[in-house]
Amino acid sequence: MNGDSPAKILKENVWTNNPIFIQILGICSTLAVTNNLTNTLIMTLGVMFVAAFTNITVSLLKQVIPRKVRMIVQTLIIAFYVIIVDILLRAYLPEISKSLGPYVGLIITNCIIMGRAEAFAQSHGPLISAWDGLTSGLGYMWVLMLIAFVREILGFGTVFGYAVLPETFTPWTIMVMAPSAFFLLGSVLWIAKAIILKKERGK
Amino acid sequence: MKKDSLIYTVLVTAVSAFIFVFLLSLANGATSEKVAENQRVLEAKAYLTAAGIAVKEDMDVEKELMTVFPQFDSARPYQETTLNGKKLIVAPFQGSGLWGTIYGVLGMSADFSRIVGMEILSHSETPGLGGRIDEAWFKDQFSGEYAVDGIVIRHGGGKGDTDKDNGEVDGITGASRTSDSLQQIINDQIDKMKSAKGGMN
Amino acid sequence: MAPEIHPIVLLFASVFTSNILLANFLGMCSFISISKDMKSANGLGLAVTVVLTITSMLNWVLLKFVIIPLDLIYLRYIIFIIVIAATVQILEMIIDRVSPALYLSLGIFLPLITVNCAILGVALFMQIREYNFVQTVVFSFGSGIGWWLAIMALSAINKKIEKAPVPPALKGPGITLITIGFMAMAFIGFSGMLSVQ
């Protein structure tokens, strides 16, 4: 392998090369549920699980899969793990499965998973690929959890469904609705990029 | 066999597809009973909530259902029972929300003066917006609400209406279309239950 | 049971008030990278609309006559995605044979579409909301048009933004996202018109 240490992969996937900041990948499936922390947590955990296992599987099968059908087999592998997540949710967390509706299935088209499988698992061993999938999922998770935190606390005055703000607080309706997700994600990108640019200039 | 040959390509695709589908059907088979049980529990809970009974975590809901509704028969359009000396009737409802069909259960006092309870079974409204009709604070507003002239789901508010005598509940902030649809569904349901009850007597 | 939603209302809702991109965030990936130039935006919008409508109809037929009768609902994700991938492949081949000119303007966008979440999203919404055939056609066509409209508007706005003094850290995806936010707010404004139902 080409000397990628686990610590370096962690740092890259969570911060310097965060899938959301740098590549704006994979936000479609989860942004819609970021007005609620619980739903966001479950969705991002699902993405993490699928990314890690897809990477392992793709890495193990990379010698076997013919080049021509690589994409379709990868899609098949991703769909397989997403269905596992869906089945598990329906059996053990029926309430959450109900409120997530079709969004669990949309993890299939989450570009991060396919992107990491192509860019990393194709050329690395299974263990380090699993780590890469996990950390990509982690990088994805913290950004979306941050957005969900702001949206839930300002939109409903709650954190994970528990009221934390006083009764007199007037919820910001806009935070519940779609546009706020775009504004917040844009702002997070702005701040992250400002910090990265400042560091570069400091060098 | 050459890795780029057509036979190899087709073979690998077919075999991997077969293995994945096989594993999935195993996983589905292993959990289908659990899923079916979840569904039964969900429905039993909905009937109990609609009858005004607080469902606790450790309750055997299916047993409880038979105690509350001794003559429970899902073939009938509505269930009748007497709780604490008050007669009430409970019936499942369905109707179009903003996006898809909303299914639920509604309980009314037998003289149709007040709603006893309301529970949502399934819906496909937007998560976090219209989907909040499935949250406890919203559904709790219905229990005990005065409903002689039907109910009104108000726009705005979004905190929960505590006045049980005004025939109004707070709607979901940002989801006025879902609130309007649900208001229509519930009022239609009250009328349906009235005529079904009238027809039986 | 299919919900009793009038097709015209559904069409209006899927294009404007519940735009698949602005309200449901679906199809963002290709959206942000392509929205820089109007010509590609137009091509991709057309391709998405065509593929969306065709695959939703195919998926509806499969759902109704194969998936539900055989109780294979848990496999729907795989079946839907295979239908989408196959449709894109076949469409690419047909366009290449029939009209090389169209292939040049449309063909290059087709492979991008398989991983566009809007396509799978519409198929899943159609299944969960139990739409009938007419509703499915209207909803998928409307979603495609809505996506097309949004990407065209965004690429036009992006042209103006290029000349605007944007803070360096906000340039690129940051300002694009905030622009989309404003567009989403504007589209929500259409919801007052829906009371005709």
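Above this text is the structure in question.
What counts, and at which threshold
Residues numbered from 1 in each chain as written. Chains lettered and ligands numbered in written order. Predicted model: local features only at pLDDT ≥ 70, side-chain atom pairs only at ≥ 80, totals over all residues. Heavy atoms only, no water. Phe/Tyr/Trp six-rings, centres within 6.5 Å; stacked < 30°, edge-to-face > 60°. Buried < 20%, exposed > 50% of the residue type's maximum accessible area, 1.4 Å probe, protein only. Helix = DSSP H or I, 4+ residues; strand = E, 2+ residues; numbered from the N terminus. Contact = heavy atoms within 4.5 Å. Buried area = accessible area lost by both parts, 1.4 Å probe. Salt bridge = Lys/Arg side-chain N within 4 Å of Asp/Glu carboxyl O. Polar contact = N/O pair within 3.5 Å; in protein donor to acceptor, adjacent residues only side chain to side chain. Nonpolar A, V, L, I, M, F, W, Y, C, P; charged D, E, K, R; others polar. Expected span 1.5 Å × (residues − 1). Bend = angle between axes of the 7 residues up to and from the residue. Patch = residues over 30% accessible without salt bridge, like charges linked within 9 Å, V, L, I, M, F, W, Y side chains within 5 Å. Areas by Shrake-Rupley, 256 points an atom, 1.4 Å probe, with all protein chains shown as cover. Pairing = 2+ DSSP bridges. Axes fitted to C-alpha atoms, helices over the stretch in contact; angles between N-to-C directions.

Asks: Got a minute to help me understand the packing of aromatic side chains in this structure?
Replies: When we look at a pair of aromatic rings, we describe it by the centre distance and by the angle of the planes. Overall, the coordinates contain 15 aromatic pairs over all chains when judged by the stated rule. Seen from their ring centres, Phe80 of chain A and Tyr81 of chain A are 5.0 Å apart, and the 70° between their planes marks the pair as edge-to-face. The exposure class assigned to Phe80 of chain A is buried, which follows from its relative accessible area of 7%. Ring geometry for Tyr103 of chain A versus Phe125 of chain C: centroids 6.0 Å apart, planes at 80°, classification edge-to-face. Placement of Tyr103 of chain A in the loop between helix 5 (94–100) and helix 6 (111–119) and of Phe125 of chain C in helix 7 (residues 117–128) is noted, with the two residues assigned to different chains. Accessibility assignment for this pair places Tyr103 of chain A and Phe125 of chain C in one class, buried. Ring-pair connections join several aromatic residues into one group, and the members of that group are Phe49, Phe53, Phe80 and Tyr81 of chain A together with Phe20 of chain B.

Asks: What is the right way to read the interface of chain A and chain C from this model?
Replies: Quoted interface sizes are often the accessible area lost when the parts come together. Listed as interface residues are 39 residues of chain A and, on the opposing side, 42 residues of chain C. Overall, the association of chain A and chain C removes approximately 3,300 Å² of surface from exposure, summing both partners, and the carbon and sulfur fraction of that is 85%. Summed over the shared surface of chain A and chain C, the result is 1 salt bridge. Between Arg76 of chain C and Asp86 of chain A there is a salt bridge whose closest N-O contact spans 3.9 Å. Seen at the junction of chain A and chain C, the total is 2 residue pairs in polar contact (both at pLDDT 80 or more). Among the secondary structure elements, those contributing two or more residues to the side of chain A that touches chain C are helix 2 (28–31), helix 4 (70–92), helix 6 and helix 9 (178–202) of chain A. Per-element tally for the side of chain A that touches chain C: the top contributor is helix 9 of chain A, with 13 residues. Along the lines of polarity and charge, the residues of the side of chain A that touches chain C split into 29 nonpolar, 7 polar and 3 charged.

Asks: In this structure, what is going on with the interface of chain A and chain B? I would like to understand it.
Replies: Opposite the 34 residues of chain A that make contact, chain B presents 28 residues. Taken together, both faces of the contact between chain A and chain B bury some 2,600 Å²; the carbon and sulfur share is 67%. Counting the surface chain A buries against chain B, the share from its top three residues, Phe80, Ile87 and Lys98 of chain A, is 21%. Across the chain A-chain B interface, the total number found is 0 salt bridges. Residue assignment for the side of chain A that touches chain B shows that the elements contributing at least two residues are helix 4, helix 5 and helix 8 (173–176) of chain A. Among the elements that line the side of chain A that touches chain B, the one with the most residues is helix 4 of chain A, at 10 residues. Residue composition of the side of chain A that touches chain B, grouped by class: 23 nonpolar, 5 polar and 6 charged.

Asks: Explanation requested: helix 1 (residues 6–50) of chain B in the structure shown.
Replies: Three- or four-residue spacings in an α-helix give side chains the same orientation, since the helix completes a turn every 3.6 residues. All names here are of chain B. An ideal rise of 1.5 Å per residue puts 66 Å on 45 residues; helix 1 measures up with 61 Å between its terminal C-alpha atoms. Along helix 1, the largest kink reaches about 40° and is centred on Thr31. Count one or two residues on from helix 1 and you reach Gly52, which has phi positive near 85°.

Asks: I keep staring at a nonpolar patch on the surface and nothing clicks. Help me out?
Replies: Taken together, Leu11, Val15, Phe18, Ile19, Phe22, Leu23 and Leu26 of chain B make up a surface patch of nonpolar side chains, about 660 Å² in accessible area. Structurally, Leu23 of chain B can be placed in helix 1.

Asks: Looking at this model, I keep getting lost on the sheet that holds strand 1 (residues 79–83) of chain B. Mind explaining?
Replies: Across a sheet, strands are paired by hydrogen bonds formed along the backbone, either parallel or antiparallel in direction. Residue and element names in this part refer to chain B. What the 4 strands build is an open sheet, ordered 1-2-3-4; its pairing is antiparallel. On the outer flanks of this sheet lie strand 1 and strand 4 (115–122), each paired with one strand and no other. For this sheet the average axis-to-axis angle between neighbouring strands, irrespective of direction, equals 25°. Across 9 bridges, strand 2 (residues 86–96) lies against strand 3 (residues 101–109) in antiparallel orientation. The residue of strand 3 that forms the bridge with Val90 is Gly107. Sitting on the sheet, helix 1 is in contact with strand 1, strand 2, strand 3 and strand 4, with an inclination near 160° to strand 4.

Asks: It is not clear to me how unusual backbone geometry should be interpreted in this structure. Could you clarify?
Replies: As a rule of thumb, non-glycine residues mostly have phi less than zero, and peptide bonds are mostly trans rather than cis. All names here are of chain C. Even without glycine at this site, Asp71 takes up a positive phi of about 60°. Relative to the helices and strands, Asp71 resides in the loop between helix 3 (38–67) and helix 4 (76–98). Residue Asp71 is classed as exposed on the basis of its relative accessible area of 58%. You will see that Glu130, though not glycine, has its phi angle at about 55°, which is positive. Mapped onto the fold, Glu130 is located in the loop between helix 7 and helix 8 (133–161).

These values are about where atoms sit, not about what they do.
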